[in-house]
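In case you want the letters, here they are:
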Amino acid sequence: MNIVARMTALQKLHKTFAVTGAVCLGTAAMIEGTVVNEVFEGSRSENATSVRIGHPSGTLRLKLNWLKEMAAWHWPRPLWRG
């Protein structure tokens with residue numbers, strides 16, 4: 001896990017992590033100078049191409065191929081590609 005995050009919906013903590021939030025978090029992980037990037041850089045292995053986000057229901061892996069492709073997996077199947 002590279003980062004642990006929580007989301008709120010209607011002022012309550014959500015049980016999972018929305019893919020829209022994961023895309024934002026993944027983008028922030030790739031932008032130098034952001035707090036998320038500092039956390040991500042400190043926890044990733046060399047040549048890592050994905051961000052693993054821990055949330056209350058498990059882990060969401062966001063594959064990053066910066067500016068070419070993004071995809072999200074929630075084990076065992078891809079949720080979307082594009």
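Below or above, wherever it landed, is the structure these notes cover. (Residues numbered from 1 in each chain as written. Predicted model: local features only at pLDDT ≥ 70, side-chain atom pairs only at ≥ 80, totals over all residues. Heavy atoms only, no water.)

What follows deals with the nonpolar core. I3, F17, L25, V36, V51 and I53 are the most contacted members of the largest nonpolar core, which totals 14 residues. When contributions to this core are tallied by element, the ones reaching two or more residues are α1 (19-30), α2 (35-43), β4 (50-55) and β5 (58-65). Among the elements that take part in this core, α1 stands out by supplying four residues, more than any other. Those residues in contact with I53, other than ones at most four positions away along the chain, are M1, I3, A5, F17, A22, L25, G58, T59 and L60. (Core = buried A, V, L, I, M, F, W, Y, C linked by side-chain atoms within 4.5 Å. Buried < 20%, exposed > 50% of the residue type's maximum accessible area, 1.4 Å probe, protein only. Helix = DSSP H or I, 4+ residues; strand = E, 2+ residues; numbered from the N terminus. Contact = heavy atoms within 4.5 Å.)

Glancing now at unusual backbone geometry. Backbone phi values are negative for most residues with the exception of glycine, while trans is the configuration of most peptide bonds. Backbone geometry places L10, a non-glycine residue, at a positive phi of 55 degrees. Tracing the backbone through its elements, the reader meets L10 in the loop between β2 (8-9) and β3 (12-13). Phi at Q11 takes a positive value of approximately 60 degrees, unusual for a residue other than glycine. Of note, Q11 is situated in the loop between β2 and β3.

The topology assignment puts S50 in strand β4. In this structure S50 touches N2, F40, R61, L62, K63 and L64, once residues within four positions along its chain are discounted.

Attention shifts here to α2. When we look at burial in α2, the residues that qualify are V36, N37 and F40. Projected down its long axis, α2 carries its buried residues within an arc of 95 degrees, all on one side. Across from the buried face of α2, at angles greater than 90 degrees, the exposed residues are V35, E38 and G42. Buried positions along α2 lie against β1 (3-4), α1 and β4. (Arc of directions from axis to C-beta.)

Our focus in this paragraph is the packing of α1 against α2. The description of two packed helices rests on the angle between their axes and on the distance between the axes. Across the interface, α1 lies against α2 with an axial gap of 7 Å and an inter-helix angle of 75 degrees. With respect to α2, the element α1 is oriented roughly perpendicular. Packed against α1, whose contacting residues are L25, A28, A29 and M30, the element α2 presents V36, N37 and F40 at the interface. Looking at the contact of α1 with α2 residue by residue, the class counts come to six nonpolar, one polar and no charged. (Axes fitted to C-alpha atoms, helices over the stretch in contact; angles between N-to-C directions. Parallel < 35°, antiparallel > 145°, perpendicular 65-115°, else oblique. Nonpolar A, V, L, I, M, F, W, Y, C, P; charged D, E, K, R; others polar.)

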